[in-house]
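# Structural description and commentary
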Amino acid sequence: MLRVLSLLALIAVWQIAAMMAHSLVLPEPLAVLGTMVHEARSGALFFNLGVTLARVIVSFGIAMLFGTIFGIFMGRSPTFDRVADPWLIVLLNLPALVIVVLAYIWIGLTETAAVIAVALNKLPNTTVTIREGARALDPALQEMAAIFAMPWRTRLQHVLLPQLAPYIAAATRSGLSLVWKIVLVAELLGRPNGVGFEIYTAFQLFDVNLLLAYALPFIVIMLGIETLVVQPFERHVSRWRQKTA
Amino acid sequence: MLYNHSSDTFRAGDRKPLEITVKRKAFRTSSGALREVMRDLSLTIISGKVYALVGPSGCGKTTLLRIIIGLDKDFEGSIVMPEKPRIGMVFQEPRLLPWRSVFDNLRLAAPQTSDEDIIRIASDLGLGEHLVHFPGELSLGLARRVSLARAFAVKPDLLVLDEPFVSLDAVLAERLRDELAALVERTKVTTLLVTHGIEEAIRLADSILLLGGRPTGIVAEIDIETPRHAMTDAYAAEIQAQISAVFAGAA
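Residues numbered from 1 in each chain as written. Chains lettered and ligands numbered in written order. Predicted model: local features only at pLDDT ≥ 70, side-chain atom pairs only at ≥ 80, totals over all residues.

Turning to the overall build of chain A, a few remarks are in order. Helix and strand counts for chain A stand at 11 helices and 0 strands. Beginning at the N terminus, the succession of helices and strands in chain A can be written as α-α-α-α-α-α-α-α-α-α-α. Seen through its C-alpha atoms, chain A measures out along the principal axes to roughly 70 × 50 × 30 Å. The buried share among the 245 residues of chain A stands at 33%. For chain A, contacts bridging at least 24 residues in sequence account for 74% of all contacts bridging at least 6. (Helix = DSSP H or I, 4+ residues; strand = E, 2+ residues; numbered from the N terminus. Buried ≥ 20, exposed ≤ 12 C-beta atoms within 10 Å, placed from the backbone. Contact = placed C-beta atoms within 7 Å.)

Next comes the structure, spelled out in structure tokens:
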């Protein structure tokens, strides 16, 4: 309830500010809603949201998969950690913009380049988070799995991944918001569609109305993913914890 | 570790022994010095019998156990077994997967055992109504039973117990000990029990191996003729006196 009130207050502040400014560069909430409906009717809104969402999901998936694999190896093997750590630090500190531009120059203005660039931006964060989890694995359970000669798939699914679940959840949280922001940069610089491209168009026309009409629905989508996918998943994997006295 | 790859298996009824020789086991201390903890220790484990490794705290019982089951490979010596045995292990702590139900904990450790057998073994240990619970919902006593049930569920060739009843209250420990004795009697599984409780060893074992000395070796091997179910207090007291004498002599 408090969360809804807080959100309403934000919209109210916006409304008051727009009325006071009385300028084209700060449209009122209802005007933005009007543009949203207009864009939705033409189908452009859904198409562009869909394209952006697809890029977010694919690049996020790639970054999580490889980040988790690298994180586990780096967390478990001190040698591998020493070898790979400098690469990780370089990647962590490369600005998102640099990676995106380089990917477009080296690979070309393609979908592949965009997705790889975004995934590369998220990859080091995932790796660092999962590495912490892999370092904290319980050796007692590893021994138990070894003594009972559990096959590697059982160990992965029932011994390793449940221990990493809180770290994977943390990487997912920070990852989704990071990835969608970088996808927009990649779209703005080199894709002919998507929310980022529309925002670029809006920028050229100085059309703040259009800009917000695309940005706000995407925030709603991300909020929906967080509430309907990430949180239920977290509750599911930690159900054993909640029951503990 | 050496395995003699004959086709014989290490099962109950099969008389192929398990032979353990530790010439030397040393730890490197934090200051870098090499400290010898075990020397010239050898024992033969005959299939179907129950052995208890008894000795004071810190004498290397657990170290020896870890060498036998292959968790510690950093020693001079050899382990010869007819074939790599299926091990059912009860650790000092229950070591259950907290994110899986009791049933799944048993299932994952023993994928080849049928559901009916798992449920029967769990029921034997009084876990029937706890199969759907998570380990975090169980008391320590119950969690130890799950750990025991897990070891039996794999239908082991070799049952290994490392101080399985430590930190339980006396009444509960005694009850679990009796349940364990009944299970071992029925399944005729080769068993290796590490304990510092002499009473526990007398009640469960066919043969008691007393560890002691510095570096650790086997100071005496005491065979118990009276079967588990016919154990009398008088005979137990007699063995106990015998063991005390050995330790007094070794000290």
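Right, let's talk about the domain arrangement of chain B for a bit. Per the domain assignment, the segments of chain B are domain 1 (2–86 + 156–250) and domain 2 (98–155). Top contributing element to the side of domain 1 of chain B that touches domain 2 of chain B by residue count: helix 5 (residues 170–187) of chain B, with 5 residues. (Domains from an automatic or database assignment.)

Our next topic: helix 4 (residues 140–153) of chain B. Residues and elements named next belong to chain B. Between the first and last C-alpha of helix 4 there are 20 Å, a value that for 14 residues agrees with the 20 Å anticipated at 1.5 Å per step. In terms of burial, helix 4 is a largely internal element, 11 of the 14 residues being buried. Within helix 4 the residues assigned to the buried category are A143, R144, R145, V146, S147, L148, A149, R150, A151, F152 and A153. A positive phi of about 50 degrees marks K155, the residue just after helix 4. (Expected span 1.5 Å × (residues − 1).)

Turning next to the interface of chain A and chain B. Across the contact, 14 residues belong to chain A and 17 residues belong to chain B. Counting only elements with at least two residues in the side of chain A that touches chain B, the list comes to helix 7 (139–147), helix 8 (152–190) and helix 11 (239–243) of chain A. In terms of residue count, the dominant contributor to the side of chain A that touches chain B is helix 7 of chain A (5 residues). For the side of chain A that touches chain B, the residue count by class is 9 nonpolar, 3 polar and 2 charged. (Nonpolar A, V, L, I, M, F, W, Y, C, P; charged D, E, K, R; others polar.)

What follows covers the sheet that holds strand 6 (residues 87–90) of chain B. All names here are of chain B. Strands sit in the order 6-7-8-4-9-10 across an open sheet of 6 strands; the sheet is mixed. Among the strands making up the open sheet, the edge pair consists of strand 6 and strand 10 (217–223). Neighbour to neighbour, the strand axes of the sheet diverge by 15 degrees on average, direction disregarded. Looking at chain direction, strand 4 (residues 50–54) and strand 8 (residues 190–195) are connected through 5 bridges and run parallel. Each bridged residue has a counterpart across the sheet, and for L53 the counterpart in strand 8 is V194. (Pairing = 2+ DSSP bridges. Axes fitted to C-alpha atoms, helices over the stretch in contact; angles between N-to-C directions.)

To continue, consider the environment of T129 of chain A. All names here are of chain A. In this structure, T129 sits in helix 6 (residues 111–135). Overall, the presence of 24 C-beta atoms within 10 Å leaves T129 in the buried class. Separated by 48 residues in sequence, T129 and D81 have C-alpha atoms that sit 14 Å apart. Discounting residues that sit within four places of it in the chain, T129 has contacts with G71, Y167, A170 and A171.

Moving on, we get to the confidence of the model for chain B. All names here are of chain B. Summarising the model, chain B shows a mean pLDDT of 82, and 92% of its residues fall at 70 or more. When the elements of chain B are averaged for pLDDT, strand 1 (residues 2–3) gives the smallest value, 42, and helix 2 (residues 102–109) the largest, 94. Throughout residues 1–13 the model reports pLDDT below 50, and contacts reaching past four residues in sequence, or to other chains, amount to 38 contacts. (pLDDT = per-residue confidence, 0-100.)

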